[in-house]
Structure formats: structure tokens, C-alpha cells
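# Observations on the three-dimensional arrangement
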Amino acid sequence: MAVQAFPEVPSLSLDTLWFQVAGTLCNLACTHCFIACSPTNQSHAMMTRADVRGFLEEARGLGVREYYFTGGEPFMNPEMLAIAGDALAQGPVTILTNGVLLTPERSRRLRDLFERSEYSLDLRVSIDGWDAATNDPIRGEGTYARILSGLQNLAAEGVNPVVTVTEACEGAAAAAGRERFLDWARSIGLSRPRLKVLSLFRIGAEAERLRGYAPRETLAGRTLSPEELEALQCSTARMVTARGVYVCPILIDLPSARMGATLAETLRPFPLSTGACFTCHEYGVTCRT
Amino acid sequence: MPDVTRLAFFGGVYSNSRALAAAIADARRWGAEGLYALGDFGAFGPYPDRVFPILLSAGVEAIQGNYEESLSTDASDCHCGYTDPRDNHFAALSYGYTAEKTSSEWKRWMATLPKTRRLDVGGRRILLVHGSPRKINEFLWESTSPEPFLEKLLSDHDADVLVCTHTGLHWQRRLPSGRLVVNSGALGRPANDGRTEVWYARLEVGVATRARAELSPVEYDFEAMARDMEQEKLPGEFVETIRTGWWTTCLEVLPSKERSRGRY
């Protein structure tokens, strides 16, 4: 049987630049994490402010539109606020956090950053249920109360986060589930609740929790239209970690997804060869807000 | 070429024919030699067919917005570029009404409009688009369109001045290179600032000076507009925006900075 080729996604522009700013180090160990981040996962090291600055400089020349910071848990990086300030000087910033480290003091400093910048600053806070009984089995014992406290610290400072929920929370993607989350967000003090529901990627810890990808979950042999390719975030984004520049935020554990050491050398096509590529295409996933 | 050329740019009209007429009169008083409309003539407001005769009789040069692209191709939705279901709910109400009330004659006319337009004024290259030069429904918001991104966009598309709309909020940014980006805002609804005026952009291009923009508020009979909307049974949320100046719908698409300035 002939081996079927994978479609290639072109590099149309570099609009969105991601940083794995805390590496794979996290204070939680969620059962659905697609890169299995944890307090002991050192596979990608934490980035320094100087590391990030180098890439910000290159990004400026390439006309990057927006910056995202993730981990692991970004606020485990002691330089996170300074790094966010550097990035905000040249574009809008979003920080993806589990909310546990959003103390009143850190929330106040984030509000100051938001108010001082001419560009938008967003916080995306992940939670996987409406209460401890639904959230804690996924994100860890006692995490619901800690996330809630982080969200309320932000709200007290007038920072309006985007609540991010994965489909590991049953029913979250359906209209009724969304409504329930929006009601919940209002009930905890977020007056203008914003919500993002994310599909799951069957890699990392998630492959152990439920299952990995089946052989049929592939884009092999498929031809994607220009519109379909343009809809994939890898046509306009890249992910920087301490180990180099990767095609997207999802595939940093895949050695072949490392495309180079500088941004410029990664602006070329990439074969959509993984199960995660299938998920992004089939479910219209984008990691952007 | 005269010492200074004055041009006026109108963003989304959203069926607000009174505001369009008021803006045209205002631009003429100011001395505009060219009038340009950047698309989205329908949506949100009542009686969409009233807009086109005003555009044509005033000699306004028009390009397509996502509304004209959708209406002229019988698309099932406006392709506004929203992603949140709450935004899409109101976008669908707006598009459904406008698609039904726009006559087929005007839909055919929309199909003849270009998607972009280029002007050369004294060697200055001015590019007119609805959303962005690369996509008709890309949002260029003030707080998410940083200088490096805009510099590249203007270089890639050979422009010294870029004029756009689509977001409904007006702003301008002078780039380090001296080039200029102007979002003309919208004539169709107020700018989420608690004022009932709507906005358009004035551009002055001098022989010896660089192009300079001014964003200009326009007063119009918003109460008559609100009553027409009620007559047509358009959503009460839309009418409230016309009367108060605060956006009540399609808020989820706003970046956090712009969202924080509004009431809702």
C-alpha cells in the first residue's frame, strides 16, 4: 500500500508569537495536560527575560501582531511581570495561567500593567468545572478554591479575565454548558464574563487519561483548501521555548516540530502529520483567544 | 495639485441614512474634494435601501465591506468575523433583516464594487480597505494593531496611508516611518463612549507636508433613527445603543482595552 502524504501548511505571516515562558514546570499536574506539565517536568527549561527580549527584537522586525505567554504556569517564572512589560511595549499580550498564583499583590501589578499600556493585556484563567467536585478530579485536590480566589483577586482589581474551560469538563462545549459557565462566572463576581472552550488534544497526560489518537484520526492523504489552511493557527504563529522555535504551542514534545533556532528560519511550510493537526483542522481549534 | 487636498472617509453606515447625510454635509462644509465609503452600508439599522441613493447622488466612491460581499453573493451570514455565540446571535438578527429588506437591484450594484481602492495624491499612496489590506473582515483595533505589525502591513501592500473601518471604533496611529493608519470608525452607531454622535475621518494631504488625519464627530437626528428602528422591530438592544452611545451587543469581539472603556 502506498504511503499517503500529509498536506503542508504554508507560513503566511507571523502574527502570533507564543512563549513557553515557564518551560514545562507547573505547580499543578492536570490529568488532561497535552504536554504533561508538572512540578517535576523539566523537559523545557524556564526562559529568562534576556531570552525573551532577543526574540521580541526579532519579532519586531517581522511585524508580529500579538504575544502569548504560557507554560507550565507562567507566574512560576519570577521575571514574568517584567517580561510581560517588555512585550506590551511592542504589542498586545495574553498570559495563560491556572490562576493559583494570582495573589492580591500580583493582581494589582497586572492591573497597573494593563492601565499603563496602549496595547491590550489579557489574562486567561483555566478551570475545569463549576465546583470542586467537577474541577478537582482534573486539576487536583483543592485547586477549585485556589483558582476561585485568583479569579476574585483579579476581579477586585477590575481586571476581566477570559475563563478557559476544556472539554474534559463534561458538557462545557454545548450551549447549555456555556450558559452554565457564564452564570457561574457572574456569580463569583465577573460582571462581564468572557469564556473560551478548548478541545482536548489526545497527547501527553490526556493520552493516558482517556486514549491516544486512533490511526484514522489523521490528515494523511487529505487536500486542504487555501481557506482551510489559512484557518490553522500554524499558518500565522510560532512557539518559542528555551529549546528553540516550534511550529505551534501544542507540539513542543515532538522533536520534528522544532523548526529552528530563530524565528526567520521557521517561516516555511510544515507537514500536518500528527493527530493534534487532525484535531485543529476537524474542530477548528485555535489556541488564540 | 492645490497646496492641500482634503478627503473624507466614511466607515460602516449600518443603514443609518440620516447620519450619512449629515456626514456628507459636514465633509462638504469642511471642503472635502473626495468622498469615500468603506463598506458595510447595511446592518444594525432600518430601511437599508435608503442609503444607496444618498451615496450615489453625493458622488461618494464606494468599496465593498463584508456585508456587501455577503449580500451580493447570497451568503447565509454576514462573515463579520465574530467567534463568540453571543456576538453571532445579534449578528444573525442584523444580517437576516438587512438581507430581507435590501432590494435585489442594490445587491447587484454591490457586486460591482471593488474590494479595495488606491489613490495617489501628490505621490502619496493611499490604500482604502474595509477590514485590513489582507482580509475584508480582519479587525484592526487600536489596542491590538501595534506599530511593527502596521509597518509590515503597509510595506507589504505598498501604502503610505491606510484607511480602514470594520471595527466601528475610530483611531489613528502615526508610525515611526512617518506613515499613517486611520480607522474611520462608523457612521452607523456611536463609538461606545456614552455620546450619541458618530464619527468619520478627514484626511489632509499637503504638497510639502505629510498626510494628516482628523477624526470628526457628527451630530444627527438619532431620535428619529431610534424610532424607525422600533417601527421595524429591530432589537431593543440596538435602539438603546443609538440613544445612549453605549454598545450593548457584539461586545465579546472587543479587545480588553476597548471593552474596559464601555458600560457593558
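Before reading on, note that the structure itself is shown above.
Summarised in this report is the structure supplied together with it. What you are looking at is a predicted structure, and each value in this text was computed from that prediction instead of being measured. Every chain's residues receive numbers from 1 upward, in the order its sequence appears when written. Chain letters start at A and ligand numbers start at 1, both assigned in the order the entries are written. In view of the model being predicted, local features appear only for residues whose pLDDT reaches at least 70, and side-chain atom pairs are presented and counted only at 80 or more, with totals across whole chains, interfaces and linings using the full set of residues.

### Description of helix H6 (residues 175-187) of chain A
Counted at 1.5 Å a residue, the expected span for H6(A) with its 13 residues is 18 Å, and the 18 Å between its end C-alpha atoms agrees. Numbering goes from the N terminus for both helices and strands, where a helix is a DSSP run of H or I of at least four residues and a strand is a run of E of at least two. Downstream of H6(A) by a residue or two, A:Gly189 has a phi angle that is positive, lying close to 110°. Multiply 1.5 Å by the residue count of a helix minus one, and that product is the helix's expected span.

### A look at the interface of chain A and chain B
Taken together, the contact pairs 17 residues of chain A with 14 residues of chain B. Each residue receives one of three labels: charged for Asp, Glu, Lys and Arg, nonpolar for Ala, Val, Leu, Ile, Met, Phe, Trp, Tyr, Cys and Pro, and polar for the others, Gly being one of them. Residues belonging to the side of chain A that touches chain B are distributed by class as follows: four nonpolar, five polar and eight charged. What counts as a contact is two residues whose backbone-derived C-beta atoms lie within 7 Å of each other.

### Regarding the sheet that holds strand E5 (residues 124-128) of chain B
Residue and element names in this part refer to chain B. With mixed pairing, five strands are arranged side by side in an open sheet as E4-E5-E6-E8-E7. Of all the strands in the sheet, the pair left with one neighbour each is strand E4 (117-121) and strand E7 (170-174). Neighbouring strand axes in the sheet, compared pairwise and without regard to direction, differ in orientation by 15° on average. Two strands form a pair only when DSSP identifies at least two bridges running between them. Taken together, the five bridges between E4 and E5 define a ladder with antiparallel strand orientation. Along E5, the bridge assignment pairs Asp 120 with Arg 125. Axis definition: a line fitted to C-alpha atoms, over the contacting stretch in the case of helices. Angles run 0 to 180 degrees between N-to-C directions.

### Quick word on the nonpolar core
All names here are of chain B. Definition of nonpolar core: a set of buried Ala, Val, Leu, Ile, Met, Phe, Trp, Tyr and Cys residues joined via C-beta atoms within 7 Å. The burial label depends on the number of other C-beta atoms within 10 Å of a residue's C-beta. Counts of 20 or more mean buried, 12 or fewer mean exposed, and intermediate counts mean partly exposed, with C-beta atoms placed from the backbone. Phe 9, Phe 10, Val 163 and Tyr 200 are the most contacted members of the largest nonpolar core, which has 164 residues in total. In terms of residue count, strand E9 (residues 198-206) provides more of this core than any other element does, six residues in total. In contact with Phe 10, other than residues within four places in its own chain, are Leu 20, Ala 23, Tyr 36, Ala 37, Leu 38, Ser 184, Leu 187 and Tyr 200.

### What about the packing of helix H1 (residues 49-62) of chain A against helix H2 (residues 80-88) of chain A?
Residue and element names in this part refer to chain A. Here H1 crosses H2 at 10°, and the two axes come no closer than 10 Å. Relative to H2, the element H1 is oriented roughly parallel. The two elements H1 and H2 meet at a crossing, and its hand is right-handed. Here Arg 49, Val 52, Arg 53 and Leu 56 of H1 come into contact with H2, specifically with Ala 82, Ile 83, Asp 86 and Ala 87. A breakdown of the residues in the contact of H1 with H2 according to their chemical character gives five nonpolar, no polar and three charged. Working definition: roughly parallel below 35 degrees, roughly antiparallel above 145 degrees, roughly perpendicular at 65 to 115 degrees, and oblique for all remaining angles. For any pair of crossing helices, the crossing counts as left-handed if the nearer helix is rotated counterclockwise from the farther one by less than a right angle, and right-handed if it is rotated clockwise.

### Re the sheet that holds strand E5 (residues 121-126) of chain A
Residue and element names in this part refer to chain A. Judged by pairing direction, the sheet is mixed, and its nine strands sit side by side in the order E7-E6-E5-E4-E3-E2-E8-E9-E10 without closing on themselves. Every interior strand has two partners, whereas the edge strands, strand E7 (194-198) and strand E10 (258-260), have only one. Each strand axis lies, on average, 30° off the axis of its neighbour in the sheet, ignoring direction. In the sheet, strand E6 (residues 162-166) pairs with E7 via five bridges, with the strands oriented parallel. What sits directly across from Thr 166, in E7, is Leu 198.

### Observations regarding the environment of B:Ala211
Residue and element names in this part refer to chain B. Mapped onto the secondary structure, Ala 211 falls in the loop between E9 and strand E10 (212-218). Among the residues examined, Ala 211 registers 21 C-beta atoms within 10 Å and is labelled buried. When the C-alpha atoms of Ala 211 and Val 4 are compared, they prove to be 9.5 Å apart, with 207 residues separating the residues in sequence. Excluding its chain neighbours within four sequence positions, the residues that come into contact with Ala 211 are Arg 124, Asp 160, Val 161, Leu 180, Leu 203 and Val 205.

### A short note on H1(A)
Turn by turn, an α-helix covers 3.6 residues, leaving residues three or four places apart pointing in a common direction. Residue and element names in this part refer to chain A. Compared with the 20 Å implied by 1.5 Å per residue over 14 residues, the 20 Å span of H1 between its first and last C-alpha is a close match. Of all the residues in H1, the buried ones are Val 52, Phe 55, Leu 56 and Ala 59. Angular distribution of buried residues about the axis of H1 spans 110°; they occupy a single face of the element. Counted as exposed and oriented over 90 degrees from the buried face of H1: Ala 50, Glu 57 and Gly 61. The elements touched by buried residues of H1 are strand E2 (16-20), H2 and strand E8 (237-241). Our arc is simply the arc of the directions from the helix axis toward the C-beta atoms.

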